[in-house]
Amino acid sequence: MTTNRQWLINGNPRGRALEMTDFKYHESELAPLADGQVRVKVEHLSFEPSQKGQLEVIAGYSSGASVGDVMSARGIGEIVESRADGAEVGAKVLGLLGWQEYATVSAKSLEIVPDDKFLTARLGPLGSQGLTAYFGLLHVGKPRPGDMVVVSGAAGAVGSVVGQIAKISGCKTVGTAGGPEKCAWLKAEAGYDAAIDYKTDKVKAKLKEHCPDGINVFFDNVGGPVLNDVLARIAPRARVVICGGISRYEQETLPAGPANYFNVVFRQAIIEGFLLSGYEREHAVALDRLMGWIESGQLIYKEDIQEGFDNIPATLKRLFTGANFGKQLLRI
């Protein structure tokens, strides 16, 4: 009988930073498959800030879990055993596989994917991050040619795609990121017109410099002081898309609302929260367009691939310290 190595949930980090003790190493024996099930050898895992919500049991944004559960995560792997029609051994699949070497799941819960050069991209720009950028910007932000689009967390998996779709849409773009390497990549590779290093630059002054006529669309992945500085610069009828707020994810007490929020009234602007759920019927069209942009070179992406099963918990922590550069993945 094969032993399955796993990482289990062992703590609740609500209001604080993740700790290694929030996860517990475990070994279990693999049980025989039931009808309709497959065994998947996990090869790559995806990491998103919302995974912290699993440990905190935040309803609505993450499904929540319990101490002792295998930490959930999207991943890609290979079917090594099958008792399901149409799910052949050797096929590559994508789905909720979890932090473990082998996932035993219903074949119906998995998507069979091509084993091609875009395999891991299906966990990023051709997966939920790309779809989040696509629908959040185009359906909520509604950019128009000539608009000034500002993106926080612009070097991340979502933000980097948002900026490039904005450029494809004929917009001017400014992104915020942490550190000179990320800011240089935004301008040289991702096509941003300007980049602001929130760690060293005075963000408010830089926004005034780069956005003299105001900001038409703000795609926010961070929240906090950056959101407040942007609200001071919004143009009339601006659209503010609230996609994430990683700056607040580890705070015990939620911060006060942005001081400049009343500028939304003066500018007759709109602030709208966004989640990916609800756009499922349009996924195929969006993915076709994203793939087309990648193949044409209009959309590039960067992957940060860590290595090794033992390194899984530390890889999630990278998201909250800004250590990751691009889509955070791990190769088991």
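Residues numbered from 1 in each chain as written. Predicted model: local features only at pLDDT ≥ 70, side-chain atom pairs only at ≥ 80, totals over all residues. Heavy atoms only, no water.

What follows deals with the overall build of the protein. Along the backbone of the protein there are nine helices and 15 strands. In terms of C-alpha radius of gyration, the protein reaches 21 Å, essentially the compact-globule figure of 20 Å for 332 residues. Counting all 332 residues of the protein, 51% fall into the buried class. Taking the contacts inside the protein whose residues are at least 6 apart along the sequence as the reference set, 67% of them involve residues at least 24 apart. For the protein, the accessible surface area stands at approximately 15200 Å², while carbon and sulfur atoms represent 51% of it. Averaging the locations of the 36 positively and 38 negatively charged side chains of the protein gives two centres separated by 8 Å. (Helix = DSSP H or I, 4+ residues; strand = E, 2+ residues; numbered from the N terminus. Rg over C-alpha atoms; globule rule 2.2 N^0.38 Å. Buried < 20%, exposed > 50% of the residue type's maximum accessible area, 1.4 Å probe, protein only. Contact = heavy atoms within 4.5 Å. Areas by Shrake-Rupley, 256 points an atom, 1.4 Å probe, with all protein chains shown as cover. Lys, Arg positive; Asp, Glu negative; His and termini not counted. Charge placed at Lys NZ, Arg CZ, Asp CG, Glu CD.)

Turning next to the sheet that holds strand β12 (residues 234-242). Working definition: the strands of a sheet are paired by backbone hydrogen bonds and lie parallel or antiparallel to each other. Strand order in the open sheet formed by six strands is β10-β9-β8-β11-β12-β13, and the pairing between neighbours is parallel. Looking at the sheet topology across the chains shown, the edges are occupied by β10 (194-197) and β13 (270-273). In this sheet, adjacent strand axes meet at a mean angle of 15° when their direction is disregarded. Pairing geometry for strand β11 (residues 215-220) and β12, over five bridges, is parallel. Bridge assignment links Phe 219 to a residue of β12, and that residue is Val 241. Across the sheet, helix α2 (residues 128-141) is in contact with β8 (148-151), β11, β12 and β13; its angle to β11 comes to roughly 145°. The strands touched by helix α5 (residues 203-210) are β8, β9 (172-177), β10 and β11; relative to β10, the strand with the most contacts, the crossing angle is about 170°. (Pairing = 2+ DSSP bridges. Axes fitted to C-alpha atoms, helices over the stretch in contact; angles between N-to-C directions.)

The full count for this structure, using the stated rule, is 12 aromatic pairs. Summarising the aromatic geometry, the rings of Phe 47 and Trp 99 are spaced 6.0 Å apart at their centres and angled 50° between planes, so their arrangement reads as tilted. Here the residue Phe 47 occupies a position in the loop between β3 (37-46) and α1 (52-56), and Trp 99 occupies one in the loop between β5 (92-96) and β6 (102-106), the gap between them amounting to 52 residues. Grouping residues by exposure puts Phe 47 and Trp 99 together as buried. Between Trp 185 and Phe 325, the aromatic rings sit 5.7 Å apart at their centres with planes inclined by 85°, giving edge-to-face as the arrangement. Separated by 140 residues along the polypeptide, Trp 185 in helix α4 (residues 180-188) and Phe 325 in the loop between α9 (312-321) and β15 (327-331) bring together distant segments of the chain. Like Trp 185, the residue Phe 325 is buried in the burial classification. An aromatic cluster of three or more residues is present, and its members are Tyr 134, Phe 135, Phe 274, Tyr 279 and Trp 293. (Phe/Tyr/Trp six-rings, centres within 6.5 Å; stacked < 30°, edge-to-face > 60°.)

On to the packing of α2 against helix α8 (residues 283-296). When two helices pack together, their arrangement is given by the angle between the helix axes and the distance between those axes. Between α2 and α8, the least distance of the axes is 10 Å, while the angle of their chain directions is 105°. Taken together, the axes of α2 and α8 are roughly perpendicular relative to one another. Counted together, Gly 130, Leu 131, Tyr 134, Phe 135 and Leu 138 of α2 and His 283, Ala 286, Leu 287, Arg 289, Leu 290 and Trp 293 of α8 form the full contact between these two elements. For the contact of α2 with α8, the per-class residue count stands at eight nonpolar, two polar and one charged. (Parallel < 35°, antiparallel > 145°, perpendicular 65-115°, else oblique. Nonpolar A, V, L, I, M, F, W, Y, C, P; charged D, E, K, R; others polar.)

Counting residues in hydrophobic clusters, the biggest one holds 40 residues, and the most contacted among them are Phe 135, Leu 137, Ile 165, Leu 186, Phe 219, Phe 274 and Leu 290. Those elements giving two or more residues to this core turn out to be α2, β8, α3 (159-168), α4, β11 and α8. When residues in this core are grouped by element, the largest group, six residues, is from α2. (Core = buried A, V, L, I, M, F, W, Y, C linked by side-chain atoms within 4.5 Å.)

Here we come to the side chain of Asp 147. Tracing the sequence through the fold places Asp 147 in the loop between α2 and β8. Reaching out from Asp 147, the side chain makes a polar contact with the backbone nitrogen of Arg 144 at a distance of 2.8 Å. Leave out the neighbours within four places in its chain, and Asp 147 touches Lys 142, Cys 171, Lys 172, Asn 216, Val 217 and Arg 239. (Polar contact = N/O pair within 3.5 Å; in protein donor to acceptor, adjacent residues only side chain to side chain.)

Listed as buried for α4 are Lys 182, Cys 183, Trp 185 and Leu 186. One side of α4 carries all its buried residues, which in axial view fall inside an arc of 160°. Away from its buried face, by an angle of more than 90 degrees, α4 presents the exposed residues Pro 180, Glu 181 and Ala 188. For α4, the elements touching its buried residues are α3, β9 and β10. (Arc of directions from axis to C-beta.)

Among the 14 residues in α2, 11 count as buried, and that is most of the element. Among the residues of α2, Gln 129, Gly 130, Leu 131, Thr 132, Ala 133, Tyr 134, Phe 135, Gly 136, Leu 137, Val 140 and Gly 141 are the ones counted as buried. Lys 142 occupies a position one or two residues after α2 and carries a positive phi of about 50°.

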